[in-house]
Amino acid sequence: MDTPTAPVQALSPSSLLAMSLLQPNGTGMDVELWDLSQSQTYRWVLWVQTILEPFIILFGLLGNTLAVTTLMTKHLRVTSCCLYLAAKCVGDAVFLGVLFVVWLFRVHARVINHAGICQVSSVSFTSVWLIVLVSHENFVRISRPHLVKVYCTPRRAGFSIALVFISAAIIYSFHLWITQVQMDENGEMSCVAVAR
C-alpha cells in the first residue's frame, strides 16, 4: 500500500530529483520538506545580499553617472556610439534605482507600498538592445565603411534610442494596470497584483 507523500510545493530541486530517481513509478516514500529558515547557507547568502547590494547599487549609480557625464561631453556626444553607450548607462541607472527600492522592501522600509512607486517597473532589456545597436554600428563601420555616413549618425542613434525606450515603456506598461496599493488583513498598505 502506498504511503502518503508531503505536498510538493516547498520541495527543493534536489529533493524533487531524488524523488524522481528513487520513485520511478511515483510510489511510496515520505518526503521531507525543505525549510529555508533552517538552512544555514540560505541565511548566509541572504545576509550577504542584504549587506552588499546597496554598495553594488551605489557604485553602479556612481559609475553610470561618471560615464554619462564623460560620454555627453562636447566632443563625444557627436558620435552615435557614445550616444548609445550614454543611453545604456541611463537605462542601467534606472534599473539600479528600482533594484534599490526592492532592497528597501527587503530591509522592511516599505516605500514600494505607495501609489506611483508600486506601479513603477524597470526594464533590463534596454541595455541588451542598446548593445545590439552598438554592435550593428561596429559591423557597419568595419564591413561597410561606405555606409557609415548614412547609418552611423547621431540623428539615427537618437531615433533608435527613442525607439528602444518607447518599446520598453509600452511592453512593460502592464504594471500600471495590474498593480495597486491595497490594505491587507493587518490594516497595512501593500503593493499587490490585482486580478481584473
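Note that this is a predicted model, so its numbers are computed, not measured.

Glancing now at the pairing of strand 2 (residues 189-193). When strand 1 (residues 179-183) meets strand 2, the two strands line up antiparallel, connected through five bridges. Across the sheet, Gln182 pairs through a bridge with Ser190, a residue of strand 2. Connecting the antiparallel pair strand 1 and strand 2 is a turn made up of five residues, with Gly187 showing a positive phi of about 80 degrees.

Given a rise of 1.5 Å per residue, 19 residues ought to cover 27 Å, and the 27 Å separating the end C-alpha atoms of helix 4 (residues 125-143) matches this to within 8%. Looking at the packing, one finds that the buried side of helix 4 touches helix 3 (80-106), helix 5 (148-151) and helix 6 (154-171).

Tracing the sequence through the fold places Met189 in strand 2. Of the residues examined, Met189 reaches a relative accessible area of 40% and is grouped as partly exposed. Considering only alpha carbons, one finds Met189 and Ala115, 74 residues apart in sequence, at a separation of 9.8 Å. Not counting residues within four places of it along the chain, the set of residues in contact with Met189 comprises Asn113, Val181, Gln182 and Met183.

What follows deals with helix 2 (residues 40-71). Helix length check: helix 2 (32 residues) gives 45 Å between terminal C-alpha atoms against 46 Å at 1.5 Å per residue, within 8%. A bend of about 35 degrees at Leu52 is the largest found in helix 2, and the proline Pro54 appears one to four places after it. Residues of helix 2 that are buried make contact with helix 3.

Turning next to the confidence of the model for the protein chain. Here the protein chain averages 81 in pLDDT, while 81% of its residues score no lower than 70. In the model, residues 12-29 has pLDDT below 50 throughout and makes 17 contacts with residues more than four positions away in sequence or in other chains.

Take Leu176: it is sitting in helix 7 (residues 175-178). On the accessibility criterion, Leu176 (57% relative accessible area) is exposed. Through-space distance from the C-alpha of Leu176 to that of Gly116 is 8.7 Å; in sequence the pair is 60 residues apart.

Rules used in this analysis
Residues numbered from 1 in each chain as written. Predicted model: local features only at pLDDT ≥ 70, side-chain atom pairs only at ≥ 80, totals over all residues. Heavy atoms only, no water. Pairing = 2+ DSSP bridges. Helix = DSSP H or I, 4+ residues; strand = E, 2+ residues; numbered from the N terminus. Expected span 1.5 Å × (residues − 1). Contact = heavy atoms within 4.5 Å. Buried < 20%, exposed > 50% of the residue type's maximum accessible area, 1.4 Å probe, protein only. Bend = angle between axes of the 7 residues up to and from the residue. pLDDT = per-residue confidence, 0-100.

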